Amino acid sequence: MKVVNLKQAILQAWKERWSDYQWAINIKRNCPKGVTWDYLNLAEALMEQAMIGPSPNPLILSYLKYAISSQMVSYASVLTAMSKFDDFSRELCVKSLLEIMDMFSHRLSCHGKAEECIGLCRSLLSAVVWLLQGCAWYCERLREQQGAAAGQAVPAPGSAAGVEASLKACQERLEKLIKSTKNRSLIHIARLEEQASWANVEQAVLKLTDSLSSLTNQTLRGKLEESVSLVKSIPQMLSAQGDPPVHTSFPSVHAFVMLEGTMNLTGDTQPLVEQLMMIKRMQRIPSPLFVLEIWKACFTGLIESPEGTEELKWTAFTFLKIPQVLLRLKKYPQGDKDFMEDVNTAFEYLLKLTPLLDKADQRCNCDCLSLLLQECNKLGLLSEANTNNLTSKREFAPRLKTAENANIQPNPGLILRAEPTVTNILKTVDADHSKSPEGLLGVLGHMLSGKSLDLLLAAAAATGKLKSFARKFIKLNEFPKHMSGEGSKSASVRALLFDISFLMLCHVVQTYGSELILSDPSPSGEVPFFETWLQTCMPEEGKTLNPDHPCFRPESGKVENLVALLNSTSEMKLVQMKWHEICLNTPGAILEVLNAWENGVLSVENVQKITDNIKGKVCSMAICAVAWLVAHVRMLGLDEREKPQTMIRQLMTPMYGESTLQFYNERVVIMTSIMERMCADVFQQTGLSLRPPVEGQDPIPYRNLLPPRQPIHEALHSQFREVLNKGWVDSKALHLFENLLNMGGVFWFTNNLVKELLKETRKEWALRVVELLYSIFCLDSHQITLTLLGTILPNLLTDPAHWHSLTDPPGKALAKLSVWCALSAYSSHHKGQASARQRKRQREDIEDYNSLFPLDDTQPSKLMRLLSSNEDEPVLSSPGDRTMSSSLSASQLHAVNMRDPLNRVLANLFLLISSILASKTAGPHTQFVQSFMQECVECLEQGSRGSILQFMPFTMVSELVKLPALAKPKVVLSISDLTLPLGRRVAAKAIAAL
C-alpha cells in the first residue's frame, strides 16, 4: 500500500465514520504482509490528516491514539511526526499533540533492534527541540501582547491567558521529558550520533533564553529556566561526580608518597604527578585533604628517616621535589576551584598538627614549615598574604637552638642552597679544562668535604639533574686517558681527577642505583671505562660476579709489571700512568699476591706493604681490589676466607703519611663507605664486622630487615598486620616488603597479601587494607597487576571452592583493589612509565601468557578450559566456538596491541566476567562481578576512550543491566564506548529497554 493509498484509506474511514478498531481491522486487511507501519509513515500520515483545520480532527486523532495503544506505530515515529508540526498559533492542535505525548512519555522504551533504539534517541532530540521552540514562540507572543497593552502595537491574536496556558503546557511536557535520566541519556547518545542536530537544540535554547526576560509570571519563568539548564547539562551529564568520601585520612596517598621519597627520589616528576592524580580521582579526594596528606607523608619521612644520606634524600624530596609536584598538579583542571586556595587550606589544616611539626623542627633543627611556605610562595602556589598569615600562626613549641646544636647548620637550608650550586658545578665541569685542570680540581675537592657531596647529589636527584651529573663525571673520568709530555704536577692533577670522579660515580651508584647510569648509555660509540667496570666488576646487591671472568685479568704481562711495581720499596710514580689500565689489572695483581701469601712466598708484612701502596695514592685502585676480593670470597668456604678478608681490612684502613696526594682524607672517607657497602654481605655471612660499631649509628640503613630464622611467610604476615594496626606504611616497612617481594617472587607476594585482605570481615578494615595494599603494590604495579588479574582472580572466580571467600565485605574490597591496580597499571604502562626501581628488578613471567591467553582463536586457551569445566552447558567452551560478536570489544575496533601482556590479561578477564554473567549460576562470584563493574564506573575518568573498559565485550552491556545495581542509564553510558557507532547502538539498546 503506497502512502497515497494510505491517505485515501484514512479519508475513506473518516467519511464513513469508522470506529477506531474498525479502521484498524480494515487497514491491516489491506496492508501487504511483512511491512511495518513505521516504514509506511502511518503516524505521520494520520497526524497530517488530523491537523488540516484550525482545530484537530477528533476521529482521525482517535485512530492515531488507537495505533499508539495497540503498538501499530513506534513511539519514535510519533515523536518525529509531532516535531514536524510548526504552526504553534493553532493552540488546540498543539494541545491535542501534547495530550498524545502524555500517553507514552512516562514509559518511553524500545525493545527492538539497535537501529530502532537509535531512532528513538533521534526522535527524542527532535521532540525536545520542538518543545523548546514552542516555549520560545509562546514567550514571544506574550511579549508582543504586553507591548500592545502598553499601547505600542496592535494586539497579537489569542488571549494572554490562553497563550500563557499553552506555554505552561509546553513547559510541563518539556520538564517531564527532560527530568528523566533515561531520556537525557538517550538524547546524549543522539547528540553524539549526529553532532549537527545538537546545534538545533542550542539554537532553540538561545531563542528561549532571550524571550524569558520579558516573562512576568516568575513561577513559570523559574521552571523554564530549570528545564533549560537541564537541557544544557546533557553534554556534561557524565562528568558529574558523586559526593566525596567523609573520612579525612587517606593511607594510600601517604604510603605512595613515602614509597617515592624512600625509593624513587631520582624518578621523573611527571609519572609521580600522574599517579597521585590517579589516586585522587579514584578515591575522589577533595584537593585540600589531598595536599595535606602529601605534606603529612613528607614530614613523617623527615622525622623517621635514618641519619646521613637517607635524611638528606628526604629533605631534598620534601623541599625541592614536592613543591614542583604541586606546581604540576596546579596545571590540572580544578573545576571552579582555585588550587592556590586549596594549598592554603591544606597548610591551615597542617598547622593544627602541632606535634608533627614540632618533631620535624627538632629533627631538622629549623622551622621547616616557614621554609616550605617560602618555597611555595616563590613558585606561585601561595599568595604573599597567605604566606605571611600562615607563618604568623606557627607557634614555636620546641627550643631549637641548644648548646650542642647551635653550630650545626640545618639540612633544609643547606639543601635549598645546594640546588643552584648543582647548576653551577654542571657548568664548571662542562667547560674546557684541557689547558688548566687545576681549577676544576679545586671545585671537586670542595665537593668532597664534609657532607657536601651527599647534599649536592640529593639536590641533583630531587631536581632531575643527577643523570646529567653522572654523565659529566663519566666524561671527566675519561679525560685523564689523554696525556702527552706531562710533568709531575700535571700527572698528580690527572691522577686526582681520575680518582675523585671514580669515587663520586661509585658513590652515586651505591646511593641511587646503577640503573641511573646504565639506563642511558653513552652517546658515543666507545663504552666509557666506568660503565664497563660497573657492569662487569662492581659488586651490588642481587648481583653475582665470577672472580675468574676474563674482565678481571686482561693482560698477564701488565699484571706482572703491576705486582713488581707494588712490591718495590720505592714510591709509586704518577707520570705517564694509565689509570684505567691499572684499575683493570689490579684484580690480577691481587690474585698473584694472595696466592703468594697463601703459599708462604710473602709474609704478612710484605702484603701490608703492597696494600699500603695500593691505597696510598689513588683510592680507585683499592676499590677495584676490594671489588674482586668480594667476588673471590663469595666462592670460598668459611675456612678459606681468613686471608682475603684480612686483605680487605688492610685496604680499608686509611694511611696517614706525608707523601699522600691532595684531598686524601676526604677521598678516604668516601672510599671506606663504598667498600663497606661492597663487603657488607660477605662479612655478614661469617658474622665478622668490618670495623667496631659506632653507637647509635647504623652504617648502612635498611639492611638486614628480614628477621633471622623466621619463614618469609610469617615475616610478611606479621609486618602487614603491624602496618594495618598502625594505619600507614613507613619507609622501613616498604624496604622489608621489597625484600620479601624480591625473595618470594611476584605471585607468592601478591597471593599472600590478597589472602590477608580476604580474611577481613569488617567493612572499614577491609577498605583500609585496600588502601594500604594498593600503595604496597606500587613497588612493582605492572607485574603485580598482571599476576592479580591474570592468575589470582581467574583462580578465585572459576573454582566454586573459592567462591565463599568472595562474599562481602572482603569480596567487594578485592574488586575495588583489582580495579585500582588495573587502572593505575594501564595508565602508567600506556604512557610507557616505569621507575628505575621497577626496571631494575629481574622480570619474571608469572605465567606463560602465550599458553594462558593465545593470540589466535584456533586453540582453546587454558582460561577458557577453566571456564567450561564448571558449567553443565559451557557458555564459551573454546574461543573457536565463539561468534565474533560475543567477544568483540572496543579495543579491537581501536586496534589495540593484543601482544602486550597487560592488554591480553584485561581482555581475558572481561571475557571471564562476561561468561559469569551469562551463566546460570549465581553466587558470591556474580556479586564480585557487580562490585567490580560498579567500581569501574565510579573510578573512571568519564568519557575516556582509552580506559580498561574498552576490553569489555559489547554483548556484556545487555547482561550487566540485568543486575539491579547496574540497571541505570548513567552506568550504561559510563561503560559504553560512545565514540564508536557500535558502542552507541549497544548503549541505546540497553537504555531503551530499561
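Use the structure listed above.
How each quantity is defined
Residues numbered from 1 in each chain as written. Predicted model: local features only at pLDDT ≥ 70, side-chain atom pairs only at ≥ 80, totals over all residues. Heavy atoms only, no water. Phe/Tyr/Trp six-rings, centres within 6.5 Å; stacked < 30°, edge-to-face > 60°. Helix = DSSP H or I, 4+ residues; strand = E, 2+ residues; numbered from the N terminus. Buried < 20%, exposed > 50% of the residue type's maximum accessible area, 1.4 Å probe, protein only. Lys NZ or Arg CZ within 6 Å of the ring centre and 35° of its normal. Core = buried A, V, L, I, M, F, W, Y, C linked by side-chain atoms within 4.5 Å. Contact = heavy atoms within 4.5 Å. Expected span 1.5 Å × (residues − 1). Axes fitted to C-alpha atoms, helices over the stretch in contact; angles between N-to-C directions. Parallel < 35°, antiparallel > 145°, perpendicular 65-115°, else oblique. Left-handed = near helix turned anticlockwise from the far one by under 90°. Nonpolar A, V, L, I, M, F, W, Y, C, P; charged D, E, K, R; others polar.

K.L.:
Any chance you could explain the packing of aromatic side chains here in plain terms?
P.N.:
Centre-to-centre distance and the angle between the planes together describe a pair of aromatic rings. Summed over all chains, the structure comprises 19 aromatic pairs. With 5.2 Å between their ring centres and 85° between their planes, W314 and F317 make a pair best called edge-to-face. Separated by three residues within a single helix, W314 and F317 lie in helix 15 (residues 309-330), roughly one turn from each other. Like W314, the residue F317 is buried in the burial classification. If you follow K280 out to its NZ or CZ, it ends over the ring of F290, 6.0 Å from the centre. Positioned over the ring face of W765 is R768, at 4.8 Å from the centre of the ring.

K.L.:
Before we go on, may I ask you to explain the nonpolar core in this structure?
P.N.:
Considering soluble globular proteins, one finds that nonpolar side chains tend to be buried as a cluster. Core analysis: the biggest nonpolar cluster contains 332 residues, and W23, W533, F749 and L814 have the highest contact counts within it. Sequence-distant contacts of L814, that is, excluding residues within four places in its chain, are made with V754, L757, L758, L788, L793, L796, L806 and F928.

K.L.:
Please explain helix 13 (residues 269-283) as it appears in this structure.
P.N.:
Count 3.6 residues to each turn of an α-helix, and residues three or four apart come out pointing the same way. An ideal rise of 1.5 Å per residue puts 21 Å on 15 residues; helix 13 measures up with 21 Å between its terminal C-alpha atoms. Burial of helix 13 is extensive: twelve of the 15 residues sit out of reach of the surface. By the burial criterion, the buried members of helix 13 are T269, L272, V273, E274, Q275, L276, M277, M278, I279, K280, M282 and Q283. Just downstream of helix 13 lies R284, where phi reads positive at about 50°.

K.L.:
So what exactly am I meant to see when it comes to unusual backbone geometry here?
P.N.:
Comment: phi is negative for the bulk of residues other than glycine, and the bulk of peptide bonds are trans. P809 follows D808 through a cis peptide bond whose omega is 5°. Position of P809 relative to the elements: it lies in the loop between helix 37 (781-798) and helix 38 (810-830). One non-glycine residue with positive phi stands out, namely R284, at about 50°. Looking at where R284 falls in the secondary structure, it is placed in the loop between helix 13 and helix 14 (287-304).

K.L.:
Looking at this structure, I do not really get the packing of helix 28 (residues 579-598) against helix 29 (residues 604-616). What am I missing?
P.N.:
The geometry of a pair of packed helices is captured by two quantities: the angle between their axes and the separation between those axes. For the pair helix 28 and helix 29, the least separation of the axes is 10 Å and the interaxial angle reads 165°. Classed by the angle they form, the pair helix 28 and helix 29 counts as roughly antiparallel. In the crossing of helix 28 with helix 29, the sense of the turn from one axis to the other is left-handed. Here I590, V593 and W597 of helix 28 come into contact with helix 29, specifically with V604, V607, I610 and I614. When the residues that make up the contact of helix 28 with helix 29 are grouped by side-chain class, the tally is seven nonpolar, no polar and no charged.

K.L.:
What is the right way to read the packing of helix 33 (residues 712-726) against helix 34 (residues 731-744) from this model?
P.N.:
At their nearest, the axes of helix 33 and helix 34 sit 11 Å apart, and the two run at 150° to each other. The angle between helix 33 and helix 34 falls in the class roughly antiparallel. As helix 33 runs across helix 34, the sense of the crossing is left-handed. Touching I712, A715, L716, Q719, F720 and V723 of helix 33 are A733, L736, F737, L740, M743 and G744, all from helix 34. Looking at the contact of helix 33 with helix 34 residue by residue, the classes come out as ten nonpolar, two polar and no charged.

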